[in-house]
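# Examining the three-dimensional arrangement
Single-letter residue listing:
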Amino acid sequence: MHNHRTSVTQFIIEEQRKLAGATGDFTSLLNDVFTACKVISNLVNHGELVGVLGAAGSENVQGEEQKKMDIITNDIFLQTNEWAGHLAAMASEEMDDIYQIPAGNPKGKYLLTFDPLDGSSNMDVNVSVGTIFSILRCKGNCVNPTAEDFLQRGTEQVAAGYAIYGPSTMLVITTGQGVNGFTLDQNIGEFVLTHPNMTIPEETREFAINASNMRHWEAPVKRYVDECLAGKEGPRGEDFNMRWVASMVAEVHRILTRGGVFMYPLDEKMKAKGTEGKLRLMYEANPMSFIVEQAGGASTTGRIRIMDIQPSELHQRVPVVLGSKNEVERITSYHNE
Ligand code: AHM
Ligand code: MG
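Rules and cut-offs
- Residues numbered from 1 in each chain as written.
- Chains lettered and ligands numbered in written order.
- Predicted model: local features only at pLDDT ≥ 70, side-chain atom pairs only at ≥ 80, totals over all residues.
- Heavy atoms only, no water.
- Near = heavy atom within 4 Å.
- Polar contact = N/O pair within 3.5 Å; in protein donor to acceptor, adjacent residues only side chain to side chain.
- Areas by Shrake-Rupley, 256 points an atom, 1.4 Å probe, with all protein chains shown as cover.
- 1 Å grid on protein atoms, 1.4 Å probe; cavity = no way out; pocket = protein on both sides within 12 Å on 5 of 7 lines; lining within 4 Å.
- Sits in = over half its atoms within 2 Å of the grid points.
- Helix = DSSP H or I, 4+ residues; strand = E, 2+ residues; numbered from the N terminus.
- Nonpolar A, V, L, I, M, F, W, Y, C, P; charged D, E, K, R; others polar.
- Domains from an automatic or database assignment.
- Patch = residues over 30% accessible without salt bridge, like charges linked within 9 Å, V, L, I, M, F, W, Y side chains within 5 Å.
- Salt bridge = Lys/Arg side-chain N within 4 Å of Asp/Glu carboxyl O.
- Lys, Arg positive; Asp, Glu negative; His and termini not counted.
- Charge placed at Lys NZ, Arg CZ, Asp CG, Glu CD.
- Donors = N, O, S within 2.8 Å, 3.2 Å for Na, K, Ca; no water.
- Buried < 20%, exposed > 50% of the residue type's maximum accessible area, 1.4 Å probe, protein only.
- Pairing = 2+ DSSP bridges.
- Contact = heavy atoms within 4.5 Å.
- Axes fitted to C-alpha atoms, helices over the stretch in contact; angles between N-to-C directions.
- Points joined across faces, edges and corners; volume = space filled by probe spheres on them.
- Arc of directions from axis to C-beta.

## What to know about the site of ligand 1
Around ligand 1, 17 residues are found, and the nearest of them are D118, G119, W244, M248 and Y264. A distance of 2.9 Å separates an oxygen atom of ligand 1 from a polar atom in the side chain of E93. Take Y264: an N or O atom from its side chain is 2.4 Å from an oxygen atom of ligand 1. Within the complex, 82% of the 470 Å² of free accessible area of ligand 1 lies under protein. Of the pockets mapped on this structure, ligand 1 occupies the largest pocket. Elements with a contribution of two residues or more to the shell around ligand 1: β5 (110–118), β13 (261–264) and β14 (279–280). Class assignment of the residues belonging to the shell around ligand 1 gives a composition of six nonpolar, four polar and seven charged. Here the shell around ligand 1 gathers at least three residues from each of two domains, domain 1 (8–195) and domain 2 (206–336).

## Quick notes on a positive patch on the surface
The grouping of R215, K269, K273 and K278 at the surface amounts to a positive patch. In this structure, K273 sits in helix α6 (residues 268–273).

## A few points about the coordination of the magnesium ion (ligand 2)
Protein coordination of the magnesium ion (ligand 2) is provided by E93 (OE), D115 (OD), D118 (OD) and E284 (OE), with donor distances spanning 1.8 to 2.5 Å. All donors of the magnesium ion (ligand 2) belong to a single chain; written as a sequence motif, their spacing is E-x21-D-x2-D-x165-E. Pair noted here: D118 is in strand β5 and E284 is in helix α7 (residues 281–294), with a separation of 166 residues, a long-range link. Residue D118 is classed as buried on the basis of its relative accessible area, which comes to 7%. Judged by relative accessible area, E284 falls into the buried class, the value being 0%.

## Some points on the sheet that holds strand β11 (residues 206–208)
Spatially, five strands are ordered β12-β11-β13-β17-β15 in an open sheet, and the strand pairing comes out mixed. Each of the sheet's edge strands pairs with one partner strand only, and the pair in question is β12 (241–242) and β15 (298–300). As defined by bridge partners, β11 adjoins β13 across two bridges and the pair is classed as parallel. Each residue of the ladder has a partner; that of A208, found in β13, is F262. Contacting β11, β13 and β17 (320–323), helix α5 (residues 248–258) runs over the sheet at an angle of about 35 degrees to β17. Contacts from α7 reach β15 and β17, with the element oriented near 25 degrees to β17.

## A look at the layout of surface pockets
Each pocket or cavity is described by its volume, and for the largest pocket that value is around 460 Å³. Taken together, 25 residues line the largest pocket, and the ones lying closest to its centre are G119, S120, S121, A246 and K278. Of all elements in the fold, only β2 (65–67), β5, α5, β13 and β14 reach the threshold of two or more residues within the lining of the largest pocket. Class assignment of the residues belonging to the lining of the largest pocket gives a composition of seven nonpolar, six polar and twelve charged.

## Notes on the environment of T6
Here T6 is to be found in the segment before α1 (8–17). In this structure T6 comes out as partly exposed when scored by relative accessible area, which is 21%. With 184 residues separating them along the chain, T6 and E190 place their C-alpha atoms 9.7 Å apart. Ignoring any residue separated from it by four or fewer positions in sequence, one finds T6 in contact with F11, F191, V192 and L193.

## Some points on helix α4 (residues 219–229)
Every buried residue of α4 is listed here: P220, V221, Y224, V225, E227 and C228. The buried side chains of α4 occupy one side of the element, clustering within an arc of 160 degrees when seen end-on. Across α4 from its buried face, at more than 90 degrees, point the exposed residues A219 and L229. Where the residues of α4 are buried, they touch β11, β13 and α8 (325–336). Positioned one or two residues after α4, G231 has a phi angle of 60 degrees, which is positive.

## Some remarks on the pattern of salt bridges
Throughout the structure, instances matching the rule amount to 23 salt bridges. Two residues, R205 and E238, come together in a salt bridge whose shortest N-O distance is 2.9 Å. Remark: E238 occurs in the loop between α4 and β12 and R205 occurs in the loop between β10 (190–195) and β11; sequence separation between them is 33 residues. Among the ionic pairs, K271 bridges to E268, the shortest N-O distance being 3.3 Å. Highlighted residues: K271 and E268, both in helix α6, separated by three residues, approximately one helical turn. The exposure class assigned to E268 is partly exposed, which follows from its relative accessible area of 40%. Each of E64, E93, R280, E284 and R317 takes part in a single network of salt bridges with overlapping partners.

See the structure below:
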């Protein structure tokens, strides 16, 4: 007999059926987002065969060099999601202002934020990259939405997810009922449920931080890493392992798979420049925090829960400490001591 496997579409429809009043609009929106991820996956896989590696010769709103793929994948997300009538507007790491649904297209009640290709500098060296997205409800004016409409706390997210383009392409999503992982079956072009109910182990002996910033770290981060590095002979009484992929999606995926803690903390260099962190709240930190919390982990700035932050601007940056609960709580307590 044929061994039926659940596609992500079937999974979402069945999840929505449990909710009174669901119209199918949300299912349909998610499907478009997943389609965009499939198109990006295909391009990422083909790489230089289709001439997409390298720099674009432009900068984004944060003054970072844009890769060709940053721009191409951003366009893919816009084009795939602008026509169906589910969205009031979109916002992306790669666009200064919010993206209005083109005149003539119907508008809907959701807002979509995304980082179309996170860790894009890894594209050129053929290391895992990913797409991160977050869905909010448009609560105010859904006819002419402004950036203000996007400034909602992470706790208001309706859904969040990421696609990781690694040895296999996977999609990991939450709609607030746990976290589930799907693997792209290239032959049938569908994401298939392979990792139901993903959870993060509470205990871990693995941390991820860019150690080249060590001289700039604040004392609590220094203390935590020093204690890990001291290993068996140190205060933790155990040896720790370290990883740094420089692709947040890959780090979070590893943590969802085998535990660990990821940090991109506030440091003295950032403070001197007047920035609050490296990662962006609306389309990196919040969606990843939603996923991590739904998987039983924790996510803070080192001081407060990320999803409780009232955003003040679209491209706001925040420090990020996320992963296995006990470690995140320990690091947060060091900051608040
Ligand atoms: P990006 O959105 O411009 O790709 O930057 C975000 C990425 C994260 O995926 C990753 O955790 C971090 O930047 C790596 O930073 P660094 O180059 O300092 O190691
Ligand atoms: Mg990014």
